[in-house]
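Here is how the chains run, residue by residue.
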Amino acid sequence: METEGKLRLADVFVSISDPRQAGKVRHDLVELLVVAVNAVLVGADTFVEIELWAKEKLDWLRGYLKLKAGIPLHDTFGRLFGLIDPTQFEVAFRRWVGSILPALGADAVVAIDGKSSRRTGKADTTPLHLVSAFAAGAGLVLGQRATAAKSNEKTAIPELLASLALKGCIVTLDAMGTQTNIAQAIRNHGAHYVLALKDNQPNLADSLRDFFARFKVAPDRTPHAMSDTVEKDHGRIETQREIKGKTTFAQRYYLSSLAPDANRLLRAIRAHWSIENRLHWVLDVCFREDECRVRKEHAPRNFATLRKFALNLLRQDTRFPKRSLRSRRKATERIPEYRAALLGLTPRG
C-alpha cells in the first residue's frame, strides 16, 4: 500500500495534549493512541477488548512501538479517553483525513447528518449525538461535531462546516439543516447546497406545494427539466410503490443553490443517502456502535472518533477492493503486514 504523502497516525497524535499528571505517567500517549486505533481496526469494540488484543499482540506491537511499560489495564484506557480533549482528537482526525484525501473535487457531494449512540447515555443524561460530514464518493468521514441532542443539530452544523474545506462541493442536508444561516454558511465556503424541505418550514413548504400545483396545470409556461430513474431494487428514493393493492405517491421538495439541472440535482439528492447506508448503518452493524456502553466523561465521543479512524483506514485501502468492510476488518487481524501497512507503521531499527 502506498503511504507517501500520507500522515502516519503517530504524526497527527503528537498534537494532542496529554491530560495526565506528568509524574504519574507510565505509558506514552501517542503509543497508546496508536494501539487503540489498531485494536479497533481489527475488531475491538470496548476498552476491555482493546486491552486483551493488545496484550496478546504485545510482541508484534513492540516491533513498531517501544511500549516500555507494556499494555495498561482497560480501566486505564477508559480513564485516558475520558480525559483527552475530544476537540483536539477530532482536529487530529481531520488533519489526518486531509492527508489521505487532499481535495474533493468539483461537485463532490458532502452529506451531513446526525446520529445518536443510544447506550452512551446514563439515567440522568442524554446519549451522545454526533453530526458527521461524509464524502459520498470517497466513502470517507471528513469530520464530526457533538451536540447535546438531535434538536441542537442546527447549531452544530455551522461549526462543523467552518472546520471543512468545501470549495466546489455540493453539501446535502436533511430538513433539520434547512436554515437560512446554514445555507449562507455553505455559500460562504464556496460550496453549493441541496437542502430537504419539510413541514418544519411550513410557509415555505406550502408555497412550494402551491407552485407545483399550478405548474401541473400548465407545465409549458415554466422552464423546467426532468429526470426519471427506474428502481430495480428497494432503493430509498422511489416514485411509486404498490402494497396490498394500494398505490401510494410521494413528493419530496428540496432547496438548492445549483443551476436547474435535473440530472445533477438528482445525483446529489441520491448521494445524500450514502451517509445512512455507508456510515451510520456500518457503524452500527460492523462496529456495534449502538451497543457500546462507554459513558465516562469524554470517552464516548473519543471512542466514536476511534471508530471513524478505523473506518476511513479500511475504506481508503485498495488491497481488497471487492471485500466487504467486515471482511477487511477480519483480514487486518489475520494478516499482520496488511495491518501494519494500513496504519503506516514502520519497523523499529
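See the structure shown above.
Please read all numbers here as calculations on a predicted model, not as lab measurements. (Residues numbered from 1 in each chain as written. Predicted model: local features only at pLDDT ≥ 70, side-chain atom pairs only at ≥ 80, totals over all residues. Heavy atoms only, no water.)

## Thoughts on the sheet that holds strand β3 (residues 140-147)
Counted only if it meets this: For two strands to be treated as a pair, DSSP must find at least two bridges joining them. Strands are runs of DSSP state E lasting at least two residues, helices are runs of H or I lasting at least four, and both sets are numbered from the N terminus onward. Orientation is described by lines fitted to C-alpha atoms, with helices fitted over the stretch in contact, and by angles between N-to-C directions that extend from 0 to 180 degrees.
Ordered in space as β3-β2-β1-β4-β5-β8, the 6 strands form an open sheet in which the pairing is mixed. Edge strands, defined here as strands with exactly one partner in the open sheet, are β3 and β8 (253-256). Ignoring strand direction, the axes of neighbouring strands in this sheet form an average angle of 25°. As judged from the 4 bridges shared by strand β4 (residues 170-173) and strand β5 (residues 192-197), these two strands associate in the parallel manner. Its bridge partner lying in β5, I170 is registered against H192.

## A look at the side chain of R307
To keep things clear, this is the line we draw: Only protein chains enter the accessibility calculation, which uses a 1.4 Å probe. A residue is then buried if its area is under 20% of the maximum for its type, exposed if over 50%, and partly exposed in between. Pairs of N or O atoms are called polar contacts if they sit within 3.5 Å, as long as, within protein, a hydrogen donor faces a hydrogen acceptor (for residues adjacent in sequence, only side-chain-to-side-chain pairs). Any two residues whose heavy atoms approach within 4.5 Å at even a single point are treated as in contact.
Structurally, R307 is set in helix α12 (residues 299-316). Residue class for R307 comes out buried when judged on its relative accessible area of 4%. A polar atom in the side chain of R307 sits 3.0 Å from the side chain of E289. Those residues in contact with R307 that lie beyond four places of it in its chain are V40, L283, F287, E289 and C292.

## What to know about the pattern of salt bridges
Short version of the rule: Definition used for salt bridges: Asp or Glu carboxyl oxygen within 4 Å of a side-chain nitrogen of Lys or Arg.
For the coordinates displayed, the defined rule picks out 14 salt bridges. A salt bridge links R301 to E90, with the shortest nitrogen-to-oxygen separation between them at 2.6 Å. Linking R301 in helix α12 with E90 in helix α6 (residues 86-100), this pair joins segments that are 211 residues apart in sequence. Of the residues examined, R301 reaches a relative accessible area of 17% and is grouped as buried.

## Some details on the packing of helix α2 (residues 29-42) against helix α14 (residues 336-343)
To keep things clear, this is the line we draw: Throughout, the term roughly parallel applies to angles under 35 degrees, roughly antiparallel to angles over 145, roughly perpendicular to angles from 65 to 115, and oblique to all others. The sense of a crossing depends on the near helix, which, turned anticlockwise from the far helix by less than a right angle, makes the crossing left-handed and, turned clockwise, makes it right-handed. We call Asp, Glu, Lys and Arg charged. Ala, Val, Leu, Ile, Met, Phe, Trp, Tyr, Cys and Pro are nonpolar, and the rest, Gly among them, are polar.
One way to put it is that α2 packs onto α14 with a least axis distance of 11 Å and a crossing angle of 125°. The orientation of α2 with respect to α14, classified from their angle, is oblique. Where α2 crosses over α14, the handedness of that crossing is right-handed. Mapping the contact onto sequence places V37, N38, L41 and V42 in α2 and R339, L342 and L343 in α14. A breakdown of the residues in the contact of α2 with α14 according to their chemical character gives 5 nonpolar, 1 polar and 1 charged.

## Description of helix α3 (residues 47-56)
Residues of α3 that are buried: F47, I50, E51, W53 and A54. Buried positions along α3 lie against α2, α4 (58-61), α5 (74-83), α12, α13 (325-334) and α14.

## Some words on the side chain of E51
Turning to its location among the elements, E51 is positioned in helix α3. Engagement of the side chain of E51 in a polar contact is seen with the side chain of K55, the distance being 2.8 Å. In contact with E51, other than residues within four places in its own chain, are I71, P72, L73, H74 and F77.

## So, the packing of aromatic side chains
Put simply, the test is: What counts as a ring pair is set by centres within 6.5 Å for rings of Phe, Tyr and Trp (its six-membered ring), and what kind of pair is set by the plane angle: stacked under 30 degrees, edge-to-face over 60, tilted for all other angles. Whether a charge lies above a ring is judged from NZ of Lys or CZ of Arg, which has to be within 6 Å of the ring centre and within 35 degrees of the ring normal.
Under the counting rule described, the total for this entry stands at 15 aromatic pairs. Seen in terms of ring centroids, F89 and F309 are 5.8 Å apart; in terms of plane orientation they differ by 40°. Their pairing is tilted. Of this pair, F89 sits in helix α6 while F309 sits in helix α12, and the two are 220 residues apart along the sequence. F309 shares its class with F89; the two are buried. An angle of 45° between the planes, with centres 5.2 Å apart, marks the rings of W96 and F309 as tilted. Linking W96 in helix α6 with F309 in helix α12, this pair joins segments that are 213 residues apart in sequence. Exposure class is identical for W96 and F309. Each is buried. Members of the aromatic cluster, connected to one another through ring pairs, are F13, F47, F81, F89, F93, W96, F303 and F309. In this structure, R323 is placed above the aromatic ring of F320, and the distance from its NZ or CZ to the ring centre is 4.0 Å.

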